[in-house]
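Structure assessment
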Amino acid sequence: MRVAIKVIGTALVTVLLTYPLWAPQWGQGILGEFWAAEMPGGLIAVLVFFGLVALYCRGLQRTLMLTGHANPASVWWMFAIPYNFTEDFFIVRNVSVSLAGRMSDGFVRRWTVVGYAWCAFQILSLFPGIAGYVGGAIAIPLWIGHWAMTSFANNRLAVADRAVAAV
C-alpha cells in the first residue's frame, strides 16, 4: 500500500509540476515564480531555498539520531524531486513515531499536525493560480513553525540525554 501511495502521489505531483508544459495558459507554475527574478536572482532564490531545506533536514536527522528510532539519513529524501512531495508525509510520520514516548503526547500530536499541514499546503502550492499562491503562503509559515518545533524537541532531547549520561 505504501508503495502504491508513493507512486501515485509522485505521478500526481509530476502532473502538477509539469502543467506549464501541457497547459501554459494556466501560468508558469512554481518554477516560473523562481525565475521571475531573472538571473542571478532566480538562481540565488533557488539556492537559498535548498539551503534552508538542507538545514531543516539536518534538524530532522538530529531528531532521529537523538531518538534512535529510524534511519536518520532517510530525511534527505526531501531533495528527491518530485518524489519528495509524497515522501515528506512519510518522513513526518517516521519522526513523529520516533518522538512518541520521548516528548509529551500533546507536543507530538501538535508536531505531527503541523508537519502534515505544511506537507499538504506544499502540494497545494503547486496548483495554478490563486490556489497555488494561497497554498504557498500557508505552507511556508507552517514549515517554519514545524522547524522551530523540531529545534525545540531536539534541545529537550539533548538535555534529557545529557542528564541520563551524567547519572
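Each remark here, short or long, concerns the structure printed above.
Residues numbered from 1 in each chain as written. Predicted model: local features only at pLDDT ≥ 70, side-chain atom pairs only at ≥ 80, totals over all residues. Heavy atoms only, no water.

In this fold, P20 is placed in helix 2 (residues 19-22). Among the residues examined, P20 registers a relative accessible area of 22% and is labelled partly exposed. Separated by ten residues in the primary sequence, P20 and I30 have C-alpha atoms spaced 9.4 Å apart. What P20 contacts, discounting residues up to four positions off in sequence, is G27, Q28 and G29. (Helix = DSSP H or I, 4+ residues; strand = E, 2+ residues; numbered from the N terminus. Buried < 20%, exposed > 50% of the residue type's maximum accessible area, 1.4 Å probe, protein only. Contact = heavy atoms within 4.5 Å.)

A surface patch of nonpolar side chains, amounting to about 470 Å² of accessible area, comprises V15, L21, W22 and W26. Of note, L21 is situated in helix 2. (Patch = residues over 30% accessible without salt bridge, like charges linked within 9 Å, V, L, I, M, F, W, Y side chains within 5 Å. Areas by Shrake-Rupley, 256 points an atom, 1.4 Å probe, with all protein chains shown as cover. Salt bridge = Lys/Arg side-chain N within 4 Å of Asp/Glu carboxyl O.)

A word on the pattern of salt bridges. Using the criterion set out here, one finds one salt bridge in the structure. Linking E87 and K6 is a salt bridge whose minimum nitrogen-to-oxygen distance equals 2.9 Å. Of the two residues, E87 sits in helix 5 (residues 84-99) while K6 sits in helix 1 (residues 2-17), which places them 81 residues apart along the sequence. For E87, a relative accessible area of 6% corresponds to the buried category.

Right, let's talk about the packing of aromatic side chains for a bit. Inspection of the entire model under this criterion finds 13 aromatic pairs. Aromatic side chains W22 and W26 sit 5.2 Å apart centroid to centroid with 75° between the ring planes, which places their arrangement in the edge-to-face category. The interplanar angle of 80° and the centroid separation of 5.8 Å between the aromatic rings of Y56 and W118 together place this pair among those described as edge-to-face. Of this pair, Y56 sits in helix 4 (residues 41-67) while W118 is found in helix 6 (residues 105-124), placing the two residues 62 residues apart along the sequence. Overall, Y56 belongs to the buried group, its relative accessible area being 0%. On the basis of relative accessibility, which here comes to 4%, the residue W118 falls in the buried class. Pairwise contacts between aromatic rings join F49, F50, Y56, W76, F79, W118, W143 and W147 into one cluster. The positively charged end of K6 is found above the aromatic ring belonging to F90, 4.6 Å away from the centroid. (Phe/Tyr/Trp six-rings, centres within 6.5 Å; stacked < 30°, edge-to-face > 60°. Lys NZ or Arg CZ within 6 Å of the ring centre and 35° of its normal.)

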